[in-house]
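Observations on chain architecture
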Amino acid sequence: MCKLDFHFYKSSLLILTLGIILYITGNFFIPLYNGLTVTLIEHVQSLFLLFMCGYTYYYAQRVAEHSQLYKFWIWTIFWWFMLFGRGISWGRDFFPDVPRFYYKIIASTLISIPILSMFLPTIRQEIARRYKFEQIPVWHIFLAFLFLGIADIAEHHRMGHEFLVIAKERKDLIEELMECPCLLCLALTTFYMQKNEQKKKENL
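Residues numbered from 1 in each chain as written. Predicted model: local features only at pLDDT ≥ 70, side-chain atom pairs only at ≥ 80, totals over all residues. Heavy atoms only, no water.

**Points about the overall build of the chain**
Across its full length, the chain carries 8 helices and 2 strands. Starting at the N terminus, the α and β elements of the chain follow one another as β-α-α-α-α-α-β-α-α-α. Each of the three principal axes of the chain carries a C-alpha extent, and together these read 55 × 45 × 30 Å. Considering only contacts in the chain between residues 6 or more positions apart, those separated by 24 or more positions represent 77%. Carbon together with sulfur atoms contributes 70% to the accessible area of the chain, which is approximately 12400 Å² in total. Taken together, the 20 basic and 17 acidic charged side chains of the chain have centroids lying 8 Å from each other. (Helix = DSSP H or I, 4+ residues; strand = E, 2+ residues; numbered from the N terminus. Contact = heavy atoms within 4.5 Å. Areas by Shrake-Rupley, 256 points an atom, 1.4 Å probe, with all protein chains shown as cover. Lys, Arg positive; Asp, Glu negative; His and termini not counted. Charge placed at Lys NZ, Arg CZ, Asp CG, Glu CD.)

Right under this line is the structure:
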């Protein structure tokens, strides 16, 4: 049975506070500059995701002597890179004139690699082991889904949209701003798992 860690860490409080600040400033204070602000935030997110790819690879090298751990963390790099690809619209942001057909191929490839590799015996066993024996930071994951849900509501005009986006021209800005704490929560979950691994190694 999985072990749920319900401790509300300071980092969770900082994420929640950041989300509230971004919501208020995004709706009332941050200038749009004809979409330039949104584009800048998107680029910052993309750089952050690339950083997580590099950092995760660096960490994987540290646990390379443990084959199962190493393969698991290499697998998570594919997820970070998939998020990066989605963030840049699979490359369409930089090459808008290329036919959409090619971007569908790129998207299908980047999405299918981490999903299909999930069924590899080593990855499947490691996921099962973590579910049974490793702690899961509940608040990190809850806040990630919370802000992802808020971003989705802002993007697709779902129920409650009018309470989240005060002015319709700020829809894209609110969406991107709410994705920021979501990505940070995913990173914190990664750091949490890695920190626990290192503690176990030190206690051996």
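**Focus on the layout of surface pockets**
Here the largest pocket defines a volume of roughly 1400 Å³. Residue assignment for the lining of the largest pocket shows that the elements contributing at least two residues are helix H2 (36–62), helix H3 (67–87), helix H5 (121–133), strand E2 (135–137), helix H6 (138–156) and helix H8 (171–203). Among the elements that make up the lining of the largest pocket, the one with the highest residue count is H8 (10 residues). Forming the boundary of the second largest pocket are Asp5, Tyr9, Ser11, Gln135, His140, Leu188, Phe191, Tyr192, Lys195, Asn196 and Lys199. The element that contributes the greatest number of residues to the lining of the second largest pocket is H8, accounting for 6 residues. (1 Å grid on protein atoms, 1.4 Å probe; cavity = no way out; pocket = protein on both sides within 12 Å on 5 of 7 lines; lining within 4 Å. Points joined across faces, edges and corners; volume = space filled by probe spheres on them.)

**Quick notes on the pattern of salt bridges**
Note that side chains of opposite charge can pair when their charged atoms are close. As enumerated under the stated definition, the model contains 7 salt bridges in all. For the salt bridge of Arg129 with Glu126, the shortest nitrogen-to-oxygen distance reads 2.7 Å. Linking Arg129 with Glu126, this pair stays in helix H5, spanning 3 residues, or about one helical turn. Classification of Arg129 as partly exposed rests on a relative accessible area of 26%. (Salt bridge = Lys/Arg side-chain N within 4 Å of Asp/Glu carboxyl O. Buried < 20%, exposed > 50% of the residue type's maximum accessible area, 1.4 Å probe, protein only.)

**Observations regarding the packing of aromatic side chains**
Inspection of the entire model under this criterion finds 13 aromatic pairs. Between Phe51 and Tyr55 the ring centres are 6.1 Å apart and the planes differ by 25°, which places this aromatic pair in the stacked class. On the criterion of helical spacing, the pair formed by Phe51 and Tyr55 is a turn pair, its members being 4 residues apart in helix H2. A relative accessible area of 47% places Phe51 in the partly exposed class. Plain terms: the ring middles of Phe101 and Tyr102 are 5.6 Å apart, the flat faces sit at 70° to each other, and that makes the pair edge-to-face. Owing to a relative accessible area of 53%, Phe101 belongs among the exposed residues under this scheme. Here Tyr102 falls in the partly exposed class, since its relative accessible area comes to 46%. Through pairs of rings, three or more aromatic residues link up here, namely Tyr59, Phe72, Trp73, Trp75 and Trp79. (Phe/Tyr/Trp six-rings, centres within 6.5 Å; stacked < 30°, edge-to-face > 60°.)

**What to know about helix H4 (residues 100–117)**
Given a rise of 1.5 Å per residue, 18 residues ought to cover 26 Å, and the 26 Å separating the end C-alpha atoms of H4 matches this to within 8%. Among all positions in H4, only Tyr103, Ala107, Leu110, Pro114 and Ser117 are buried. On its buried face, H4 is in contact with H3 and H5. (Expected span 1.5 Å × (residues − 1).)

**Re the nonpolar core**
Phe147, Leu177 and Met178 are the most contacted members of the largest nonpolar core, which has 19 residues in total. The set of elements that each furnish at least two residues to this core consists of helix H1 (10–28), H2, H6 and H8. If we skip the residues at most four places from it in the chain, Leu177 touches Leu22, Gly26, Ile30 and Ile41. (Core = buried A, V, L, I, M, F, W, Y, C linked by side-chain atoms within 4.5 Å.)

**Concerning the packing of H3 against H4**
Axis angle and axis distance: for two packed helices, these are the angle between their axes and the distance between the axes, and together they describe the pair. It is the contact of H3 with H4, at a shortest axis distance of 9 Å, that shows an interaxial angle of 155°. Compared by their axis directions, H3 and H4 come out roughly antiparallel. Between H3 and H4 lies a crossing whose hand is left-handed. The residues of H4 that touch H3, namely those facing Trp75, Phe78, Trp79, Phe81, Met82 and Gly85, are Leu110, Ile111, Ile113, Pro114, Ile115 and Ser117. Here the contact of H3 with H4 is built from residues that sort into 10 nonpolar, 2 polar and no charged. (Axes fitted to C-alpha atoms, helices over the stretch in contact; angles between N-to-C directions. Parallel < 35°, antiparallel > 145°, perpendicular 65-115°, else oblique. Left-handed = near helix turned anticlockwise from the far one by under 90°. Nonpolar A, V, L, I, M, F, W, Y, C, P; charged D, E, K, R; others polar.)

Geometric values such as these leave the question of function open.
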